[in-house]
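The lines below spell out each chain.
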Protein chains: 2
Amino acid sequence: MRIAIDAMGGDEAPRAVVDGALVAARRLGAGLILAGERDAIAAELSRHPGTRTLALEICHTPDAIAMDEPPAAALRRKPRASIRVAADAVANGRASALFSAGNTGATVMAAHAALGMLPGVDRPALGVTIPTRRGSAVLLDAGANVECRPQHLVQFAAMGRVFARVALRLAEPRVGLLSIGEEETKGTDLVRETHRLLKPSPHFAGNVEARDVYAGDADVIVCDGFTGNVALKISEGLVETVESLLHEELSQTFSTRVGYLLSRRAFRQFRKRVDYSEYGGAPLLGVAGVCIVGHGRSSPKAVRNAVAMAHRFAAEGLLERIRAEIAASA
Amino acid sequence: MRIAIDAMGGDEAPRAVVDGALVAARRLGAGLILAGERDAIAAELSRHPGTRTLALEICHTPDAIAMDEPPAAALRRKPRASIRVAADAVANGRASALFSAGNTGATVMAAHAALGMLPGVDRPALGVTIPTRRGSAVLLDAGANVECRPQHLVQFAAMGRVFARVALRLAEPRVGLLSIGEEETKGTDLVRETHRLLKPSPHFAGNVEARDVYAGDADVIVCDGFTGNVALKISEGLVETVESLLHEELSQTFSTRVGYLLSRRAFRQFRKRVDYSEYGGAPLLGVAGVCIVGHGRSSPKAVRNAVAMAHRFAAEGLLERIRAEIAASA
């Protein structure tokens, strides 16, 4: 199996991307198609001994889309952007999955354009794995679609169940609808109509209030991309603020400093449980190809885990399973 | 000055409400109108010595709205509910401000019905104080209005500035619009149109991404009530989960347990900084009367702080200042 990599995407690209992808390729016995600037990629590869034994191919392109470029305009202006070249490798069957830690909007648009949609799915959704008190859950859409209609959320629910089965090894994931109250009358028109559509499903656990998202009552949390993005990003910012405030408090006195030193391991373990890089990346669900979107700040470890996720999703037939679930839920 | 209190509102009512309100009344030299079941309130008062020196009045009513009752139906069925009686005391001038820790929806509807709206304000908004790395900020709407139009958010911005001036003692609060990207093209139609309307204001700091809410770049964060409620409640749930996961990690080994004991003070300080009860309550801004909504789980301390907030907002002419700010921003 070969994975197509946007080698130029991400704050630390191409170094962090190449480093992480190489580790994954070696462990998985997978090949890589590295799309990007040939010399820059070759320079990174030269730092690694023994890459000759790996099935590596560089697809040269001088263009790349920056993290802060408006996606639609950038894609129009750069038909040979690295994310496009990587997406095309999946579209024409040369690779089985796509990974990019670059501009998320551009990745979503390029993947959508190159791969098209699975039958019965109107809009793609970004699925993310989140830690909860009872293990992990998945949430979608994390930001691919800002304005959603009820039938989109119903499709997200079906795709989220497949994602949870493959990523979390759950047999019968329970779906919750993110809202501001448990009662079916609570929430926006979108939420209330979606509730009505999901209600007949035996897997539907009802509305999940935001304060219970991390409690782990539902395995799949469904919402529109604006709400999902806000929910995740505010959590990310809050964990950073909590750490910084705690650190401030812990460095106040001698006893708290000693306390901190003694409990450092616990903090490291805790960090690991809330650290996105452990999960690697977020699948773009609904497009007719396996596509994993990495965090812009992806470290080599995050890239490694994301590429492993891409490999696993392709190997375990994610697309076929989504197709079947969508057909069954329709 | 007298404050009208819904003595029956909240998970721990009437005990926590009476206990907290009495402490506030004593400190502030304020009178209280306690609306609710006479005997239950009298029983709580009898536990406190020296209440005779306080200006206390019990407004007896046998009806109260439970935390989980659908607000509109409950208000129709119970015209003499304690929240209504308390709101009426403000409407007819017998009290200068209202406090309830009861059913939030019922409080919003009762206050709206009894007090009406300030001129130029179409919808009320719940404003909350949040901790940031640089101090505090305010966020609104935290859940009074699920569906909002751009002009509502523009009014929220003006009211939020007054709230931040009075509650946080800021001279020129900067307003940020909650979105999923800093660029003005990012977000829902609602967010993009609101951005366009707010852009000419010298106090507008642009879009604030959710991950920067707790960084403290903006003093006033504006959003619709669905998004605001999700943002706050997910934060509340996350802090609880973080504490529980950290505690789990910290009780793993002897050294981390000792570390925890030594750093307990730091945790307590930290808890204090993220604890809603320190802020007391959330003003319902835009109604033509000072109204503070408490958390359903309000402790006596939270009630005390919320009643003190009500007193201060009334004493410092919050309503007049909102009226002036709305007129100036129109």
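The rules behind these values
- Residues numbered from 1 in each chain as written.
- Chains lettered and ligands numbered in written order.
- Predicted model: local features only at pLDDT ≥ 70, side-chain atom pairs only at ≥ 80, totals over all residues.
- Heavy atoms only, no water.
- Helix = DSSP H or I, 4+ residues; strand = E, 2+ residues; numbered from the N terminus.
- Buried < 20%, exposed > 50% of the residue type's maximum accessible area, 1.4 Å probe, protein only.
- Contact = heavy atoms within 4.5 Å.
- Least-squares fit on C-alpha atoms with pLDDT ≥ 70 in both.
- Pairing = 2+ DSSP bridges.
- Buried area = accessible area lost by both parts, 1.4 Å probe.
- Salt bridge = Lys/Arg side-chain N within 4 Å of Asp/Glu carboxyl O.
- Polar contact = N/O pair within 3.5 Å; in protein donor to acceptor, adjacent residues only side chain to side chain.
- Axes fitted to C-alpha atoms, helices over the stretch in contact; angles between N-to-C directions.
- 1 Å grid on protein atoms, 1.4 Å probe; cavity = no way out; pocket = protein on both sides within 12 Å on 5 of 7 lines; lining within 4 Å.
- Points joined across faces, edges and corners; volume = space filled by probe spheres on them.

Focus: the side chain of Ser179 of chain A
Part 1 of the reasoning: Locating Ser179 of chain A in the fold gives a position in strand S8 (residues 175–179).
Part 2 of the reasoning: Residue Ser179 of chain A is classed as buried on the basis of its relative accessible area of 0%.
Part 3 of the reasoning: When residues no more than four places from it in sequence are discounted, the contact partners of Ser179 of chain A are Lys186, Gly187, Val191, Asn207, Val208, Glu209 and Ala210 of chain A together with Phe226 of chain B.

Let's talk about the relation of the copies chain A and chain B
Part 1 of the reasoning: Once turned by 180° and shifted 0.0 Å along the axis, chain A lies on chain B with an RMSD of 0.1 Å. Expressed as an axis order, the relation between the two copies is that of a two-fold axis.
Part 2 of the reasoning: When the interface residues of chain A are mapped onto chain B, 98% of them are again interface residues, pointing to one common binding face.

Thoughts on the pairing of strand S4 (residues 97–100) of chain A
Residue and element names in this part refer to chain A.
Part 1 of the reasoning: Of the two faces of S4, both are covered, the one formed by Ala97 and Phe99 as well as the one formed by Leu98 and Ser100.
Part 2 of the reasoning: Here four bridges tie S4 to strand S12 (residues 290–294), and the two strands are oriented parallel to one another. Bridged to Ser100 within S12 is Val293.

Some remarks on the interface of chain A and chain B
Part 1 of the reasoning: On the chain B side, the residues contacting the 51 residues of chain A number 51 residues.
Part 2 of the reasoning: Here chain A and chain B share an interface that buries about 5300 Å² over both sides, 70% of which is from carbon and sulfur atoms.
Part 3 of the reasoning: One can count four salt bridges joining chain A with chain B.
Part 4 of the reasoning: The salt bridge involving Glu236 of chain B is made with Arg211 of chain A; its shortest N-O contact spans 2.4 Å.
Part 5 of the reasoning: If you look at where chain A meets chain B, you find eight residue pairs in polar contact (both at pLDDT 80 or more).

Description of the pattern of salt bridges
Once their charged atoms are close, side chains differing in charge can pair, the charge on each being opposite to the other.
All names here are of chain A.
Part 1 of the reasoning: On inspection of all chains with the given rule, the structure shows 44 salt bridges over all chains.
Part 2 of the reasoning: As a salt-bridge pair, Arg297 and Glu236 come within 3.5 Å of each other at their nearest N and O atoms. Of this pair, Arg297 sits in the loop between S12 and helix H11 (300–315) while Glu236 sits in helix H8 (residues 225–250), placing them 61 residues apart in sequence.
Part 3 of the reasoning: On the basis of relative accessibility, which here comes to 38%, the residue Arg297 falls in the partly exposed class.
Part 4 of the reasoning: Sharing partners across several salt bridges, the network here consists of Arg15, Asp19, Glu44 and Arg47.

With respect to the sheet that holds strand S2 (residues 31–36) of chain B
All names here are of chain B.
Part 1 of the reasoning: Read across the sheet, seven strands follow the order S3-S2-S1-S4-S12-S11-S5 without closing on themselves; strand pairing throughout is mixed. A strand with exactly one partner marks an edge of an open sheet, and here the two such strands are strand S3 (56–60) and strand S5 (125–126).
Part 2 of the reasoning: Here strand S11 (residues 281–285) runs beside strand S12 (residues 290–294); their pairing, made up of three bridges, is antiparallel. Its bridge partner lying in S12, Gly281 is registered against Gly294.
Part 3 of the reasoning: Lying on the sheet, helix H2 (residues 38–46) is in contact with S2 and S3; it crosses S3 at an angle near 155°.
Part 4 of the reasoning: Helix H4 (residues 82–91) rests against strand S1 (2–6), S2, S3 and strand S4 (97–100) of the sheet, and its axis sits at about 165° to S1.

Here's the deal with the sheet that holds strand S7 (residues 135–140) of chain A
Residue and element names in this part refer to chain A.
Part 1 of the reasoning: Strand order in the open sheet made by the five strands is S6-S7-S10-S8-S9, with mixed pairing throughout. Here the strands that pair on one side only, and so sit at the sheet edges, are strand S6 (128–132) and strand S9 (204–209). Within this sheet the neighbouring strands show an average axis-to-axis angle of 35°, counted without direction.
Part 2 of the reasoning: Inspection of the sheet shows S6 paired to S7 by five bridges, in the antiparallel sense. Paired with Thr132 across the strands is Gly135, a residue of S7.

Quick word on empty space enclosed by the protein
Residues and elements named next belong to chain A.
Part 1 of the reasoning: According to the stated counting rule, one finds four cavities of 30 Å³ or more in the structure shown.
Part 2 of the reasoning: By volume, the largest cavity amounts to about 50 Å³.
Part 3 of the reasoning: Considering the residues around the largest cavity, the lining is formed by Asp6, Met8, Gly9, Ala64, Ile65, Ser82, Ile83, Ser100, Gly102, Asn103, Ala106 and Thr107.
Part 4 of the reasoning: Only helix H4 (82–91) and helix H5 (104–115) provide two or more residues apiece to the lining of the largest cavity.

Considering unusual backbone geometry
All names here are of chain A.
Part 1 of the reasoning: Cis geometry is found at the peptide bond from Ala13 to Pro14, where omega equals 0°.
Part 2 of the reasoning: Among the structural elements, Pro14 can be located in the loop between strand S1 (2–6) and helix H1 (15–28).
Part 3 of the reasoning: Cis geometry marks the peptide bond from Leu140 to Asp141, where omega comes out at 5°.
Part 4 of the reasoning: With phi around 60°, Arg169 is a residue other than glycine that occupies positive phi space.
Part 5 of the reasoning: Assignment of secondary structure puts Arg169 in the loop between helix H6 (150–168) and S8.
Part 6 of the reasoning: In this structure Arg169 comes out as exposed when scored by relative accessible area, which is 52%.

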